[in-house]
Structure formats: C-alpha cells, structure tokens
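Each chain, written out:
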Amino acid sequence: MSTTIHYPLSYDAIVVGGGHAGCEAAWALAQSGCRVLLIALSLDRIAQMSCNPSIGGIAKGHLTKEIDALGGLMARIADASAIQYRTLNASKGPAVRSSRVQCDVALYCREMLRRLSSHPNIALAEAKVEDILIENGAVTGVLVSGNIVYHARTVVLCTGTFMRGICHIGEYRFEAGRSADGVSERLSDHLARSGVRFMRLKTGTPARLSAHSLDYMQFTEQPGDDDITRLSFYEMGPMLPQRPCHIASTTPQTHAIIHEARERSPLFNGQIQGIGARYCPSIEDKIYRFADKAHHQIFIEPMGLDTDEVYPAGISSSLPFDIQLAFLHSIPGFERAHVTRPAYAVEYDALASGQMSFNMALRTLPSLFVAGQINGTSGYEEAAAQGLMAGLNAAAFLQQKDPFILRRDEAYIGVMIDDLIMRGVDEPYRMFTSRAEFRLSLREDNADLRLSDYGHQRKLLTDTDYETFRRKKEHIETLTQWLQDNKAASLDRTQLTEDEQHLVPTHGTLAQLIKMPEVTLDLLARANPTLAAFPPAVRRSVEIQAKFDGYIRRETSRIEAFVTLENRLIPPNFNYDAVHGLTTEALAKLKATQPRNFSEASRIPSMTPAALNAIWVAMKR
C-alpha cells in the first residue's frame, strides 16, 4: 500500500472543482479573508464554458447581475470577453428583460484564471479528489489521487458533472465529466458511506462546427445591440470587437433522419438512465415531443475571435456520429458542415433533494458545503450564484458568523436556493422569471440597489466599487426629486420633432410626464441639458420606477406580508407529531424539511392553510 503524503500547508477551505461554481466560491472565501485551495482536474480548463459560449439570458441575466452586485466575478469576466451584447425581451416589461453576452470562450477562461491566480489568498492545484476526510462529524480535508492529503477546516464541493460522469455518443460510451476530460469515479461512493444520497441526472451539448464549412448566405444574421448595457455595474474596461450570430433551422428531412434512428438513440433505447431538463431538450427529444413542428431554430454562435469553431445552439444530441452528420447535412447552409467535436450527452451524480440547508451546507455535515450541478441545477449562472453563496457561508462558518441567506423577495438567488430546498428537484433546475413571485421588484437594473450593501458588508465588494454604487444611488435620488421639482416648461421643445412635440404635454411636472407610456427620459433629455447629464443607467432606473410605480407599490405590500410570515419563526426541533390535524404527507414533509418559519412551511408542496393554522395553534399552546 502506498504511503500517505500530507501536504505541508493547511488551508481554511478547499474548493473542489474549477467550474463556474468553484471559481465564485474560491473568490468569495478569499475576499472574506480565508486561505483557499482550489483543486481542479485541469487548471487549463478553469471556468470552461463546456456548453454554450454565453453568459446571461432569460432570468440568467438577473442572476449574473446579482452576482456582480454582491462582488462576484462572472459579470466582470463576461464583459472582459464579450463579443456580442443582446437584451432579451426588450419589447416586454422591465421585470422580464434579461441581458445576454456572447463570449470568447478561451479569453473567458484565461481572464478567470488570471484573477484567481493573482489573489494572495487563493492557491491552485491540479488533482483528482477521491475522498472527503471526516473526523467526529467534521471535515478535515481531502484525499486526492496519488494518496496525497490536503488539510482544511471546511470543503466546498463544486463537482459539476464529474462525479461518475458517463458521456454518450450513440452506442459509444466513455467515462468523463465532459468530452476530453477526466472523471471522479470514487468520490460519490465514499460520500455515500457517510450517508449522502445521490440521483442521476443528464445534460448534453451539440456538435461544434467549422465556420468556414458553413454557407452563411442561407442564414439570417442576428446582430447585437447598438446601445450596449454591460453586465457589470462596476467595471468599464475596453471592449472587444463585436460579432453577429446567425439563425438557421431544421427541415422535415432533418426530422425524418432523426425519427428513423430512434432505436439507436441512447435517450430512447434505455442506455441513458439519468433525467434531463425539460426546458433544454436535445434535438431528438424535440422531434418527438413537438411532432407538429416542421422546423426548429438553430442559433449559430461564434466561440471566439481567434477560432473557427461555432456553437449551433438548439441541436444538442446523443445520437451516433453517423446520424449526427446525416441530420446536420440536411440543414440548409450546413450541407458541407465539418464537425470539429461531436455532440454528446453526459450522465452524472447529483445530490438527492432534501440534504442541503439554507447556508448551502449539508444538514448532516455542517462543514461540507455544496454548489452547482451537484445540487441538481443546470447552467453557468445558477452554478456561479450558488458558488458565491456557498463561499460566503463557508467563510461565515469558519469565522463563526451568522449565515448569509437571501430571501425570495430580495434576489433571484434567494428564489433559486429556496426552490432547491423547499420544493426539491427531480430534473435539472433552470431559473426562469416565472419562478419569482416578486419579479417586478427583482429586476436586472436594480440588482445593485438591492444587494450591494450586502456585498460590501461581506467584504466582497471593494470600497471603490461601493463608492460607484453610492454615487449611482445618489444620482437616482437626485433625479427623482429633480423631476418632481421641474415642469414641462423647462423643456426646449425646439429640440424635439413635430411628432414628439405632440406626444409631450406642455403642462405638468416632468415626474408626471414620465408616467406616460410614450414619453421616455431619453426623449426628454434631448430637450433639457440637465436631464441629459444624468447617466443612462440612472435614467433607466428612475423611468422604470415612475412608469410602474403603482404595480411596484402593490408588490411591496405583498412583500411586507411575505416578510411577516418569514419573521413568524418555528422553534428548532419543533415536535410536529404533537400537532393535531396534519395529514400523514404533511407531517412527513415538515419533519424532513424542518422549516425555520411559516413562510417556508407554506411553500412545502401540499401544505394547506389549515395545516399552517394547526401548527400556529400548537405553538401557542
């Protein structure tokens, strides 16, 4: 038996995994003053964009902005590598508008590695973690391949798809967390011996194609925004050259090829056992679930400025390579497509629901924190947000501080973590704006107003960044008052077109004018130099608040009622067996979930008002 080697340095925390969750966890710990060791299977693939080359999207942009407001890295790295900006749902209400940034994949990884490796509190190591070392119910470190032990007082697990990962390309199967990478074969089994329960999930990715082999004359160009809004509130570095995306679509012939290969599909022949996400189906899944559709869109996204590879979003697959080639070549513009990397699906271990607490630690192992796909989520943004929260709470654990927990009314991050704990997952979880009941208050534009105080208090947000936030907040307050104090007469109407002059009334305060749907602050700014001097982001926030003031006030009342329930605490280890009138199902779920307050209890599936009232009566008794 080989000799155990104990690494001579000890750390406050070890982060296992160098994906988006692991990077944010390491950064949060380091900024909090903890000495961190980040262990990854490959340091060259830190923050690898394993699937789509973009950050943000519907609700995901909200998460990215919230990470930035708290002092995390994702938005800053995305801006530093951005080659296209787009605002999704731009024609809809402000609650559902989301930013999306196309990134240079290689540059994103390099920039993340640069920031992490330059932090004095972060050390990096390339190794495979095979076991979490536990003594007397507390984490003491990790064992890596080669029988090397690294010591730490807490561990944050951000293993992504690498625990017992199996990739599928038709009948061809190989062990990997993603193509061309390794896998952690033993960690799941070792954790299971400590009572940790797992489930199998599945995700997938499309083939990568050579741009020079595609006929772009057959595609529709999809340019980025002219009026660019960066993801980060705080950093405004130089911008890269911008690139367009393109749109193609499948054909009935494409669908017929996939139909005929059904028996060779790992999704349908029983080869894949893991559960995939309904909201991000593979192309073969789409063909069968939406049989009435003759076409499915494909978004052709460049993967960087210095690479020929493109990402055809919308056609992820686990079909055999020959079938992949056949259906790709049936798509207009793809007739001569050269595949640089085939599509594949990956199955992996994730935690069974009900084991994580609100501070992102395992209930049975309070010094072991978990974040990302191990918790049953999908997506870079969901993972990064969890990593940030796990890192902050691991630091709080080490420093014997109160946990940092965001409520559902405070952030999409709070919605996501609450959903994972109170509702659980039986498929990969993806964030949507529809999941947030207070989404008008949880907009992208006000993420810094909601969360920057927290970020500064927790030492993630620097004094310089916090001063940027304070100036914006002061400008918003100043502009809001200025609009109330100034009237329509202050406008130089000669600067407006004749049609615009008809839109803008000649009387009333500017605050009253801006409530009109057709009047914008950008329009009025052309007729008043004082208004034009306020930054666009400030004008945007003030305008949204003005136009939706009534709705926001109504939602604020609902939030107050929600917080009242949040503040109605349930004692720890409350005896639910003594509550009369609970159904067997409600009793089992209450005992398993152990809600901290009535708000959490109300969100347990199948919980009724009668059950909540019974708990309240029992507590008073």
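All residue numbers refer to positions counted from 1 along the written sequence of the respective chain. Side-chain atom pairs in this predicted model are given and counted only at pLDDT of 80 or more, local residue features only at pLDDT of at least 70, and totals for whole chains, interfaces and linings cover all residues. Side-chain numbers here rest on the full set of heavy atoms in the structure, without hydrogens or water.

### Quick word on helix α10 (residues 412–423)
For α10, which comprises 12 residues, the first-to-last C-alpha distance of 15 Å matches the rise-based estimate of 16 Å (1.5 Å per residue) to within 8%. For every residue, the accessible area (1.4 Å probe, protein chains only) is compared with the maximum for its type, and the residue is labelled buried under 20%, exposed over 50%, or partly exposed between those bounds. By definition, any uninterrupted DSSP run of H or I lasting at least four residues is a helix, any uninterrupted run of E lasting at least two residues is a strand, and each is numbered from the N terminus. Buried within α10 are the following residues: Tyr412, Ile413, Gly414, Val415, Met416, Ile417, Asp418, Asp419, Leu420, Ile421 and Met422. How far a helix is expected to stretch is found by multiplying one less than its residue total by 1.5 Å.

### Some thoughts on the pattern of salt bridges
Here, a salt bridge means any side-chain nitrogen of Lys or Arg that lies within 4 Å of a carboxyl oxygen of Asp or Glu. Scanning the model with the defined rule gives 42 salt bridges in all. Close ionic contact of Lys60 with Glu382 constitutes a salt bridge, the shortest N to O distance being 2.9 Å. Within this pair, whereas Lys60 is found in helix α2 (residues 60–70), its partner Glu382 is found in helix α9 (residues 380–398), the two being separated by 322 residues in sequence. Glu382 carries the same exposure label as Lys60, and that label is buried. Each of Asp68, Arg76, Glu111, Arg114, Arg115, Glu235 and Asp465 takes part in one network of salt bridges that share partners.

### Concerning the sheet that holds strand β10 (residues 166–169)
For two strands to count as paired, DSSP must find a minimum of two bridges between them. Taken together, the 4 strands give an open sheet; going across it, the order is β11-β10-β19-β12, and neighbouring strands pair in antiparallel fashion. Both outer strands of the open sheet, β11 (172–175) and β12 (198–205), are each paired with one neighbouring strand and no more. When the angles between neighbouring strand axes are averaged without regard to direction, this sheet yields 25°. Across 4 bridges, β10 lies against β11 in antiparallel orientation. Bridging from a neighbouring strand, Cys167 pairs with Phe174 of β11. Every angle, taken between N-to-C directions, lies between 0 and 180 degrees, and every axis is a line fitted to C-alpha atoms, over only the stretch in contact when it is a helix.

### Here we look at the sheet that holds strand β17 (residues 309–313)
Hydrogen bonding along the main chain pairs the strands of a sheet, whether they run parallel or antiparallel. On the basis of which strands lie adjacent, the open sheet formed by 6 strands has the order β14-β15-β16-β17-β13-β18 and antiparallel pairing. The strands lining the two open edges of the sheet, one partner per strand, are β14 (220–222) and β18 (339–341). Put simply, the sheet's adjacent strands are angled 35° from each other on average, direction ignored. Of the strand pairs in this sheet, β14 and strand β15 (residues 245–249) are connected by 3 bridges, and their pairing is antiparallel. Paired with Gln222 across the bridge in β15 is Cys245.

### Brief notes about the pairing of strand β8 (residues 138–144)
Among the 7 residues of β8, 5 are classified as buried, and the element is accordingly described as predominantly covered. The pairing of strand β7 (residues 129–135) with β8 spans 6 bridges and is antiparallel. Each residue of the ladder has a partner; that of Glu135, found in β8, is Ala138. A loop of 2 residues connects β7 with β8, the two strands running antiparallel in sequence, and Asn136 in this loop sits at a positive phi of about 55°. Judged from the 4 bridges that link them, β8 and strand β9 (residues 148–157) form a sheet pairing that is antiparallel. Paired with Val142 across the two strands is Tyr150, which belongs to β9. Between β8 and β9, which pair antiparallel one after the other, the connecting turn spans 3 residues, and Gly146 there sits at a positive phi close to 90°.

### Observations regarding the pairing of strand β1 (residues 5–16)
Looking at chain direction, β1 and β9 are connected through 8 bridges and run parallel. Each residue of the ladder has a partner; that of Ala13, found in β9, is Thr154. In this structure, β1 lies alongside strand β2 (residues 36–40), joined through 4 bridges in parallel fashion. Residue pairing in the sheet places Val15 in a bridge with Leu38 of β2.

### Thoughts on helix α8 (residues 321–328)
Within α8, burial applies to Ile323, Gln324, Phe327 and Leu328. Buried residues of α8 fall within an arc of 130° about the axis and therefore sit on the same side. Whether two residues are in contact is decided by their heavy atoms: any pair within 4.5 Å suffices. Summarising the contacts, the buried residues of α8 are in contact with β10, β13 (208–210), α6 (252–260), α7 (283–289) and β18. As used here, the arc belongs to the directions running from the helix axis to the C-beta atoms.

### Section: the packing of α2 against helix α11 (residues 447–457)
Axis separation between α2 and α11 bottoms out at 7 Å; the angle between their running directions is 35°. The two elements α2 and α11 cross, and the hand of that crossing is right-handed. Of α11, the residues touching α2 (which contributes Lys65, Glu66, Ala69 and Leu70) are Ala447, Asp448, Arg450, Leu451, Ser452, Tyr454 and Gly455. A per-class count over the contact of α2 with α11 returns 5 nonpolar, 2 polar and 4 charged. When the near helix sits turned anticlockwise from the far one by under a right angle, the crossing is termed left-handed; a clockwise turn instead gives a right-handed crossing. Under the scheme applied, nonpolar residues are Ala, Val, Leu, Ile, Met, Phe, Trp, Tyr, Cys and Pro; charged residues are Asp, Glu, Lys and Arg; polar residues are all the others, including Gly.

### Focus on the packing of aromatic side chains
Aromatic pairing here means that ring centres of Phe, Tyr or Trp (its six-membered ring) are within 6.5 Å. Orientation follows from the plane angle: under 30 degrees is stacked, over 60 is edge-to-face, and everything else is tilted. Summed over all chains, the structure comprises 14 aromatic pairs. For the pair Tyr216 and Phe219, a centre-to-centre distance of 5.3 Å together with 75° between the ring planes defines the contact as edge-to-face. Taking the relative accessible area as the measure of exposure, Tyr216 reaches 27% and is therefore partly exposed. By relative accessible area, Phe219 is classed as buried at 9%. For the ring pair Phe598 and Trp616, a centre distance of 5.6 Å and an interplane angle of 80° mean the geometry is edge-to-face. Residue Phe598 is located in helix α20 (residues 598–602), and its partner Trp616 is located in helix α21 (residues 609–620); the two are separated by 18 residues in the primary sequence. One aromatic cluster in this structure is built from Tyr216, Phe219 and Phe334. Over the ring of Phe268 we find Arg262, and its NZ or CZ is 4.3 Å from the ring centre. Note that Arg596 overlies the ring of Phe358, its terminal NZ or CZ placed 4.1 Å from the centroid. A positively charged side chain is recorded as over a ring if its NZ (Lys) or CZ (Arg) lies within 6 Å of the ring centre. The angle to the ring normal must also be within 35 degrees.

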